[in-house]
Amino acid sequence: MAKLSSTFKNMLLSLFFICLLAAGLLAKVNDMTKEPIADAKALKLEEAIKDVVPDFDNNPVTESYKVATDSGDSLLVYPAKKGEEVVGFAVNSYSDNGFSGNIQVMVGFDMGSNVINYAVLSHAETPGLGSQMTSWFKPQVHESSLIERIFGFEMKKAEVKSSIIGKNPATTQFAVSKDGGDIDAISASTVTSRAFLEAINKAYVAYAQSNDYASTGATINASEDSIEINE
Amino acid sequence: MNNKTMTKNIRVLINGVVKDNPVFVLLLGMCPALATTSSGINGMSMGLATMFVLICSNIVISTLKNLIPDLVRIPAFIVVIATFVTIVEMVMNAYLPALADSLGIFIPLIVVNCIVLGRAEAFAAKNNVLSSLFDGIGIGLGFTLALTALGLTREFIGTGKMFSVSFFPEDFGMTLFVLAPGAFIALGYLVAIFNKIQRE
């Protein structure tokens, strides 16, 4: 078949049919992937909650509620319950003061206001520097590398007081040591460390409030707001 | 199929990997090559995603080449390429969310990768479907191998790991190589080594 000449009609028809086919194909794929994408997002949230609170048997996502903070916004709190008893809270906190903007973290507290664990949900910090916050604030683990296993010696890291796990924000100063706090900042990423600790402190404020609700025996039901957000 | 066309197609495929390697020889697609190769696995997945788009767009464009008038060929090619890129993005979000997170904006940016449009224009619009398929595989493979090599080099020097297997402790790595400047330095050396070996 000879090549179509560039007349107005040919160009119009050719582009029209190519776009029509593309649109049809995309609509089909969108339809097929819509559910898996939503599932993947929900699963990510659930995994993060599971990581940061003790074992629970309720559904924290449907029981989540919002708690207002001093700065005028509100944070989502996910209560974890075993039977009827509340065993911990996961708080979805954030900071806008990261080196590259917004940082979202999920922080878990037990009933004695100690941090159980945290998970970074999303961030845009520099890979290799600020991105270390996903493990920096947890206790150091020495992962023995191939060269150490072969030659049988240990290359030790410098000791840092960077872990926030098991510490209570009420008794430990959650600020970087440069600012007079008790936590060592990530080397070369003080801005990220400050933002991260800001998010943790914010989460603690929200936790303290929800803990008050829980201890006074007030029933907390999922508000309509939070249900909307969880969709 | 006779033997002659097969040999020709095989040669097209090998050319894509060696003589016309998009990263090391043609120096095309530098943006994803520098930005996404902070680890071996990232580089490889970026390469595979681009390879998929390249193969599909090459096939479709060489099939449609006589139905696309010359004056509107660029918009038509871009629509075809963008369709496949969007499919890759949606599928990746659905089934490999962690990978989609780490590649981020660079998946949608495959649309403007000059390798894909360049091959559509320079090869698929002039050759038959079968040769275009082989060209897509060849160039895609060349791109994937180059990005994997660059990613592994940076990951190894920067963090002491290769595909997340630790060779020496992370604290003894040069963080520079995981950051942007290290990408340029590593790429420069790899291009030099590749061209030296190829010339001999």
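All residue numbers here refer to positions counted from 1 along the written sequence of the relevant chain. Naming scheme: in the order in which they are written, chains are lettered from A and ligands are numbered from 1. Only residues with pLDDT of at least 70 are given local features in this predicted model, and only at 80 or more are side-chain atom pairs given and counted; all residues enter the totals for whole chains, interfaces and linings.

1. Remarks on the pairing of strand β3 (residues 85-98) of chain A
Residues and elements named next belong to chain A.
Next up, step 1: For strand β2 (residues 74-82) and β3, the ladder comprises seven bridges, and the chain directions are antiparallel. What sits directly across from Lys 82, in β3, is Glu 85.
Next up, step 2: Pairing between strands requires that DSSP locate at least two bridges from one strand to the other. In this description a helix means any DSSP run of H or I spanning at least four residues, a strand means any run of E spanning at least two, and both kinds are numbered starting from the N terminus. By the bridge criterion, nine bridges tie β3 to strand β4 (residues 101-110) in an arrangement that is antiparallel. Pairing of Gly 98 across the sheet is with Gly 101, part of β4.
Next up, step 3: Where β3 hands over to β4, the hairpin turn is made up of two residues, counted between the paired strands.

2. Examining the interface of chain B and chain A
Next up, step 1: Taken together, the contact between chain B and chain A spans 32 residues of the former and 32 residues of the latter.
Next up, step 2: Among the elements that take part in the side of chain B that touches chain A, helix α4 (residues 73-95) of chain B stands out by supplying 12 residues, more than any other.
Next up, step 3: Note on residue categories: nonpolar means Ala, Val, Leu, Ile, Met, Phe, Trp, Tyr, Cys or Pro, charged means Asp, Glu, Lys or Arg, and polar means any other residue, Gly included. For the side of chain B that touches chain A, a count of residues per class yields 21 nonpolar, nine polar and two charged. This entry defines residue contacts through backbone-placed C-beta atoms, with two residues in contact when those atoms are within 7 Å.

3. Some points on the pairing of β2(A)
Residues and elements named next belong to chain A.
Next up, step 1: Pairing geometry for strand β1 (residues 65-68) and β2, over four bridges, is antiparallel. Following the sheet pairing, Ala 68 is matched in β2 by Ser 74.
Next up, step 2: In textbook terms, the turn of a hairpin is the stretch between consecutive antiparallel strands, and for β1 and β2 this stretch comprises five residues, one of which, Gly 72, has a positive phi near 95°.
Next up, step 3: In textbook terms, the turn of a hairpin is the stretch between consecutive antiparallel strands, and for β2 and β3 this stretch comprises two residues, one of which, Gly 83, has a positive phi near 65°.

4. Quick look at the confidence of the model for chain B
Next up, step 1: Values of pLDDT, which run from 0 to 100, indicate the predictor's confidence residue by residue. With 100% of its residues at a pLDDT of at least 70, chain B reaches an overall mean of 90.
Next up, step 2: Across the predicted assembly, pTM comes out at 0.81 and ipTM at 0.82.

5. Re helix α1 (residues 3-17) of chain B
Residue and element names in this part refer to chain B.
Next up, step 1: Taking 1.5 Å of rise per residue, the 15 residues of α1 would be expected to cover 21 Å, and the 22 Å separating its terminal C-alpha atoms lies within 8% of that figure.
Next up, step 2: Comment: burial labels come from other C-beta atoms within 10 Å of the residue's own C-beta, placed from the backbone, where a count of 20 or more is buried, 12 or fewer is exposed, and between is partly exposed. Those residues of α1 that sit buried are Asn 9, Val 12, Leu 13 and Gly 16. Buried positions in α1, seen along its axis, are confined to an arc of 95° and lie on one side of it. Relative to its buried face, α1 has exposed residues pointing more than 90 degrees away, namely Asn 3, Lys 4, Thr 7 and Ile 10.
Next up, step 3: The inward-facing, buried residues of α1 contact α7 (129-159). Take the number of residues in a helix, subtract one, and multiply by 1.5 Å to get its expected span. The arc in question is the one traced by the directions running from the helix axis out to the C-beta atoms.

6. Brief notes about the nonpolar core
Next up, step 1: Among buried residues, those of type Ala, Val, Leu, Ile, Met, Phe, Trp, Tyr and Cys that are joined through C-beta atoms within 7 Å form a set called a nonpolar core. One finds B:Val53, B:Ile81, B:Val88, B:Ala146 and B:Leu147 to be the most contacted residues of the largest nonpolar core, which totals 53 residues.
Next up, step 2: Broken down by secondary-structure element, the contributors of at least two residues to this core are α1 (8-52) of chain A together with α1, α3 (40-64), α4, α5 (97-103), α6 (114-124), α7 and α8 (180-199) of chain B.
Next up, step 3: Once you skip the residues sitting within four places of it in the chain, B:Val88 turns out to touch B:Ala49, B:Phe52, B:Val53 and B:Ile107.
Next up, step 4: The next biggest cluster of nonpolar side chains, apart from the first, holds 40 residues, and it includes A:Val52, A:Tyr78, A:Phe109 and A:Ala195.

7. Description of the sheet that holds β4(A)
Residue and element names in this part refer to chain A.
Next up, step 1: In spatial order, the strands read β1-β2-β3-β4-β5; together these five strands make up an open sheet with antiparallel pairing. Strand pairing shows two members of the sheet lacking a second neighbour, β1 and β5 (115-122), which therefore form its edges. With strand direction ignored, the average angle separating the axes of adjacent strands in the sheet is 30°.
Next up, step 2: Pairing of β4 with β5, which is carried by six bridges, proceeds in the antiparallel orientation. The residue bridging Phe 109 from the neighbouring strand is Val 115, located in β5. Here, axes are lines fitted to C-alpha atoms. For helices the fit covers the stretch in contact, and angles between N-to-C directions go from 0 to 180 degrees.

8. What to know about the environment of B:Gly151
Residue and element names in this part refer to chain B.
Next up, step 1: The topology assignment puts Gly 151 in helix α7.
Next up, step 2: The exposure class of Gly 151 is buried, given the 27 C-beta atoms found within 10 Å.
Next up, step 3: Each C-alpha atom of the pair Gly 151 and Ala 183 lies 8.7 Å from the other, and the pair is 32 residues apart in sequence.
Next up, step 4: Dropping the residues within four chain positions of it, Gly 151 is found in contact with Thr 37, Ser 39, Gly 40, Asn 42, Gly 43 and Met 44.

9. Concerning the confidence of the model for chain A
Residues and elements named next belong to chain A.
Next up, step 1: Of all residues in chain A, 91% have pLDDT values of 70 or greater, and the mean over the chain is 83.
Next up, step 2: When mean pLDDT is compared element by element in chain A, α1 scores highest at 92, while helix α5 (residues 224-230) scores lowest at 40.
Next up, step 3: Contacts of residues 217-231 to residues separated by more than four positions or lying in other chains number 19 contacts, the stretch itself having pLDDT below 50.

10. Some remarks on the packing of α3(B) against α7(B)
Residues and elements named next belong to chain B.
Next up, step 1: Put simply, α3 and α7 touch, their axes get as near as 8 Å, and they point 165° apart. Of the possible angle classes, the one that applies to α3 and α7 is roughly antiparallel. The element α3 and its partner α7 pack so that their crossing is right-handed.
Next up, step 2: Grouping the constituent residues of the contact of α3 with α7 by class yields 16 nonpolar, 14 polar and two charged. Our angle categories are set so that under 35 degrees counts as roughly parallel, over 145 as roughly antiparallel, 65 to 115 as roughly perpendicular, and the remainder as oblique. The handedness criterion is simple: a crossing whose near helix is rotated anticlockwise from the far helix by less than a right angle is left-handed, and one whose near helix is rotated clockwise is right-handed.

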